[in-house]
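Spelled out, the chains give:
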Amino acid sequence: MSNAVLSSATRHSVAAFWLGTLAVTIGVLTHIPMFLDAAPNGFHMAGMPMCAQMIWGMAAIAGGTCLAAYGLLPANFRQTKHVDIGTIHETGDGKLKAAHWQLLLVLMAALVIDTMKPATLGFVVPGTMKEYGIAKPIVAWLPFSGLTGTALGSWIWGVLADRLGRRAAILLAAIMFIGTSICGAMPTFGWNLAMCFAMGLSAGGMLPIAYTLMAETIPTRHRGWALVLLGGVGLVGGYFASSGLTHLLEPLYSWRVLWLLGLPTGLLLIFFNRFIPESPRFLIMNGRMDEARAVMARFGTALSETPLPATHHDVALDGASALVKQPLLNRTLALNLVALAWGLVNFGVLLWTPANLKAAGYDVGEASKILFNSCLWALPACAITAWLYSRWSTKGTLVLMALLTSAGLLGLSLLGTDFSSLQLSPEVVFAVLLTGANGMIAVLLPYAAESYPLYIRGRGTGLVAANSKAGGILAQVVTMLALVPPLATAGLLLAGPVTLAAIIVARTGAETRNRNLEDLDK
């Protein structure tokens, strides 16, 4: 398969994509002079008027994004085509080839860049508050807008992945990464909110797309650990990169430079896309047989004569509505309930913990020690989770992690009560909670990507990812309204939904370990 980023035979216009990319890049560069002019003032731009150059630059970004998106449209975009693709099977011994390792490493790098975007929010908030002179309740709108964007983006990019293709959706996200980097040059807090929301739209979709592409490309017996490793390295690497760059660059160029990094990292994503193949299943589904055969030859797969089950064609006709119809309704309810509960735990309970521990009588040092020791307990569990998912059971691992999370939440509800005979240690309670919560998100999206049929795999995985952010949005609303409950109350309220989700997954979920994706729909 050619390493070209776009194929002129299957896209509306290669020239439109590259002209759009150039326009977006130039539009961002027009904002740099104003940023540099603020250097004598510590790069403080609050209150500065927006010059005509910046306004024209914003117009170039908007127009360039639309032009690039047009260039990414498949030539047969308006046609409804459902090809009987047969079953893709592995022709060799299922070993990982050089192409698989290249794809895994490139997608890891892409997810590191992707995770940097929302991770940066935590590092820009203090500088934003100081420069604009705003209080915590007001600056809370910044992470709220970003998180709302990621929730919507997860669903929108899931749709795009199913309609435009997995690679094209990644390219469009990269274009928006570049364009929204001008957040670092916005003179008003309102514009920061708007750009942060747009950044979230693109960042929210990368993770489900990457899982979808990996699930459709990696050999069956290696799929489990590769998917979990992909997300784990991307998440940890993104936070490591954002914290490291903050340490190196923010003292020199202020918090604004952290947003401007979207320009080089977005261009890097476009370069990485040269090494990312389109999913062979997506290509065959859209009748692009020659391209599909070239990809399959690289990855050691072939197309059998066995037709796909009728379920696939029913799903293709129903589109997104198939997610809320049988036989997919139960798994959609279960996986999205898990996602919503995880968002409330991760963006709510865990973020409320330091303040609640302080309110319970622990000083700052004691609270930090409790959480630090809990993290040390939970770290080895990440490797164990990946092993369980790939060697034991995919469904069982998700159920186990959800039950551990529920146990941790129940432990929170008992801390500080009269049940002294239980002698619950806060470190143990939080270690169990962190192990379960980290394990849930580590396996949730890989399991979702394996659980949905080809025609709606992007949308199904995107919906689950969106609800993991929706739980965080709800937690942010609770925080902004100053309605944060005590940890014991939060633990008791959330333990029930998490347990219910685990039960539904156990009863209705499919075991995906070592099973061909098409076989899961028979």
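Structure report, in brief. (Residues numbered from 1 in each chain as written. Predicted model: local features only at pLDDT ≥ 70, side-chain atom pairs only at ≥ 80, totals over all residues. Heavy atoms only, no water.)

**Considering the packing of helix 17 (residues 394–414) against helix 18 (residues 426–451)**
Pairs of packed helices are described in terms of their axes, by the angle between the two and the distance that separates them.
Now for step 1: In contact at an axis separation of 7 Å, helix 17 and helix 18 are set at 150 degrees when each is read in the N-to-C sense. Classified by the interaxial angle, the pair formed by helix 17 and helix 18 is roughly antiparallel. For the pair helix 17 and helix 18, the crossing hand works out as left-handed.
Now for step 2: Split into classes, the residues belonging to the contact of helix 17 with helix 18 amount to 16 nonpolar, eight polar and two charged. (Axes fitted to C-alpha atoms, helices over the stretch in contact; angles between N-to-C directions. Helix = DSSP H or I, 4+ residues; strand = E, 2+ residues; numbered from the N terminus. Parallel < 35°, antiparallel > 145°, perpendicular 65-115°, else oblique. Left-handed = near helix turned anticlockwise from the far one by under 90°. Nonpolar A, V, L, I, M, F, W, Y, C, P; charged D, E, K, R; others polar.)

**Notes on the packing of aromatic side chains**
Now for step 1: Inspection of every chain in the model, using the stated rule, returns nine aromatic pairs.
Now for step 2: With a centroid separation of 4.7 Å and an interplanar angle of 25 degrees, the aromatic rings of F35 and F43 are classed as stacked.
Now for step 3: Residue F35 is classed as buried on the basis of its relative accessible area, which comes to 5%.
Now for step 4: Each residue in the set F35, F43 and Y253 is aromatic and connected to the rest through ring pairs, giving one cluster. (Phe/Tyr/Trp six-rings, centres within 6.5 Å; stacked < 30°, edge-to-face > 60°. Buried < 20%, exposed > 50% of the residue type's maximum accessible area, 1.4 Å probe, protein only.)

**Digging into unusual backbone geometry**
Now for step 1: Phi at F43 takes a positive value of approximately 60 degrees, unusual for a residue other than glycine.
Now for step 2: With relative accessibility at 8%, the residue F43 sits in the buried group.

**Topic: the nonpolar core**
Now for step 1: Among the nonpolar cores identified, the biggest contains 137 residues, and L107, W157, M214, L230 and L409 are the most heavily contacted of them.
Now for step 2: A total of 14 residues in this core trace back to one element, the largest contributor, which is helix 8 (residues 189–215).
Now for step 3: When sequence neighbours within four positions are dropped, the list of residues in contact with W157 reads A169, L172, A173, M176, L201, S202, G205 and I209. (Core = buried A, V, L, I, M, F, W, Y, C linked by side-chain atoms within 4.5 Å. Contact = heavy atoms within 4.5 Å.)

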